[in-house]
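Spelled out from the first residue to the last, the chains are:
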Amino acid sequence: MKAAAFDYLAPRSLDEAVEALSKHGDDAKLLAGGQSLAPVLALRLASPTILIDLNRVEGLGGLEIEADGSVLAGAMVRSRTLERSPELARAQPLIHAAMPWVAHVQIRNRGTLGGSLSHADPSAELPAVAVACGATLRLQGPSGRREVPAGSFFKGLFTTALASDEILVGVRFPACPAGRRHGFAEIARRHGDYAMLGVALSVDVDAAARVSAATVVLFGAADLPIRAHAVEAALIGEPAVPGLAEQVAPLATDGLEPRSDHQASAEYRRELARVLVRRTLATALAPGAASGVAR
Ligand SMILES: Cc1cc2nc3c(=O)[nH]c(=O)nc-3n(C[C@H](O)[C@H](O)[C@H](O)COP(=O)(O)OP(=O)(O)OC[C@H]3O[C@@H](n4cnc5c(N)ncnc54)[C@H](O)[C@@H]3O)c2cc1C
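Predicted model only: the values in this text are computed from it and were never measured. Here the residue numbers are simple positions, counted from 1 along each chain's written sequence. Since the coordinates come from a predicted model, pLDDT governs what is reported: local features require at least 70, and pairs of side-chain atoms require 80 or more to be given and counted, while whole-chain, interface and lining totals use all residues.

Visitor: What should I look at first to understand the sheet that holds strand E10 (residues 167–173) in this one?
Guide: Pairing between the strands of a sheet comes from backbone hydrogen bonds, and it takes one of two forms, parallel or antiparallel. If you walk across this open sheet you meet the 5 strands as E4-E5-E10-E6-E7, and the pairing is antiparallel. Edge positions in the sheet fall to strand E4 (63–65) and strand E7 (144–149), since each has one partner strand and no second. Within this sheet the neighbouring strands show an average axis-to-axis angle of 20°, counted without direction. Whether two strands pair depends on DSSP finding at least two bridges between them. Secondary structure elements are taken from DSSP: a helix is a run of H or I of four residues or more, a strand is a run of E of two residues or more, and numbering for both begins at the N terminus. Looking at chain direction, strand E5 (residues 71–74) and E10 are connected through 4 bridges and run antiparallel. Helix axes are fitted to C-alpha atoms over the stretch in contact, other axes to C-alpha atoms as well, and angles between N-to-C directions run from 0 to 180 degrees.

Visitor: Please explain the site of the ligand as it appears in this structure.
Guide: As a matter of local geometry, the ligand sits amid 30 residues, with Gly 33, Gly 111, Gly 114, Gly 115 and Ala 124 nearest to it. Those elements that provide at least two residues to the shell around the ligand are strand E2 (28–31), helix H6 (105–110), helix H7 (113–119), helix H8 (125–133) and E10. Among the elements that line the shell around the ligand, the one with the most residues is H7, at 5 residues. Here the shell around the ligand is composed, by residue class, of 15 nonpolar, 11 polar and 4 charged. Being near a molecule or strand means, for a residue, that its C-beta atom, positioned from the backbone, comes within 6 Å of it. Each residue gets one label: Ala, Val, Leu, Ile, Met, Phe, Trp, Tyr, Cys and Pro are nonpolar, Asp, Glu, Lys and Arg are charged, and the others, such as Gly, are polar.

Visitor: In this structure, what is going on with unusual backbone geometry? I would like to understand it.
Guide: Excluding glycine, a negative phi dihedral is what most residues carry, and trans is how most peptide bonds are arranged. Notably, Arg 44 is not glycine yet its phi reads approximately 55°, a positive angle. Within the secondary structure, Arg 44 is located in the loop between helix H2 (37–42) and strand E3 (50–53). Of note in this structure, Ala 103 is not a glycine but carries a positive phi near 50°. One can find Ala 103 in the loop between helix H5 (93–98) and H6.

Visitor: I'm lost on the nonpolar core in this one. Help?
Guide: Note that soluble globular proteins tend to have their nonpolar side chains buried in a common cluster. Nonpolar core, as used here: buried Ala, Val, Leu, Ile, Met, Phe, Trp, Tyr and Cys residues forming one set through C-beta atoms within 7 Å. Any residue surrounded by 20 or more other C-beta atoms within 10 Å of its C-beta is treated as buried, while 12 or fewer makes it exposed and the intermediate range makes it partly exposed; C-beta atoms here are placed from the backbone. Within the largest apolar cluster, 90 residues are counted, with the highest numbers of intra-cluster contacts made by Ala 98, Val 129, Ala 200, Leu 201 and Val 277. Not counting chain neighbours up to four residues away, the residues in contact with Ala 98 comprise Glu 125, Leu 126, Val 129, Phe 184 and Ala 200. Residue pairs are scored as contacts if the distance between their C-beta atoms, which are placed from the backbone, is within 7 Å.

Visitor: Can you walk me through the environment of Arg 80 in this structure?
Guide: Position of Arg 80 among the secondary structure elements: in helix H3 (residues 79–84). C-beta crowding within 10 Å serves as the criterion here: with 18 such atoms nearby, Arg 80 is assigned to the partly exposed category. In this structure the C-alpha to C-alpha distance between Arg 80 and Gln 106, which are 26 residues apart in sequence, comes to 8.9 Å. In this structure Arg 80 touches Val 105, Arg 108 and Asn 109, once residues within four positions along its chain are discounted.

Printed below as a string of structure tokens:
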């Protein structure tokens, strides 16, 4: 099948893009890397009458890494840029750990940070990473700019806080405090496929070697990235030793009701949640771990 006919607009400025989007409303679709949108159009799951291409809009492709390690990434930063930046790997190890798991190189060459977050596939890596990092998303519409924490941006299956006339323009990742550990792992049918289930986490360890904060995010487990609050609560105040992972991992399934589909049953996903939380935490809590990446 081919996409239905559509008009094409390639604005040069954000103001122009916002104006076009508010003029055409639901008839329009924004085009970023096109890696998710093109199949959607080809299958006629959406038939917009106009595509607004963000690729020539100035100011959306920057990747600024501050001296303290905080990062401001434009929505049009390509996945491959996130993967290959050594500065970003140092400042935000969790992003670096996750990127090789996003699709394949060819897709990462075109796919963008903003496209992935806006598309909001529940099995995608970047939405979970954004939540685990405590990122803030910057949205721009006709009435101005607003900021939304990643934890409130994802609303459900392919659904976000973006209004139909808003564009995601950038993402701020706060600096990682000293003592922060990270963990990332996923299981997919084949490398490059979306995850059946994955875990992205950050754990802060204080000077007394105890866990002072934890964000444990599961993806592929529900309609949106979700936090394993019971695991997080059980970690706080405990000595940061790998054995703690074994103790708290069973709590990963507290309140978890994953879907069953052609990839995996709900019970298998529950088992993956327990196993991957245990593995990622054990690596992150290992002595001297700066960034735990379980594989
Ligand atoms: C074979 C295959 C395998 C894949 N595997 C994975 C995987 O394992 N993990 C994974 O995470 N992804 C995977 N992807 C998706 C890939 O990462 C996409 O690049 C990504 O989901 C969408 O990014 P994009 O820039 O291509 O967005 P597009 O396809 O251009 O857009 C996606 C949607 O977001 C909207 N949008 C785009 N940018 C903005 C913006 N700035 N503001 C508001 N709305 C916007 C578009 O209108 C559209 O609705 C896969 C894709 C393919 C084709």
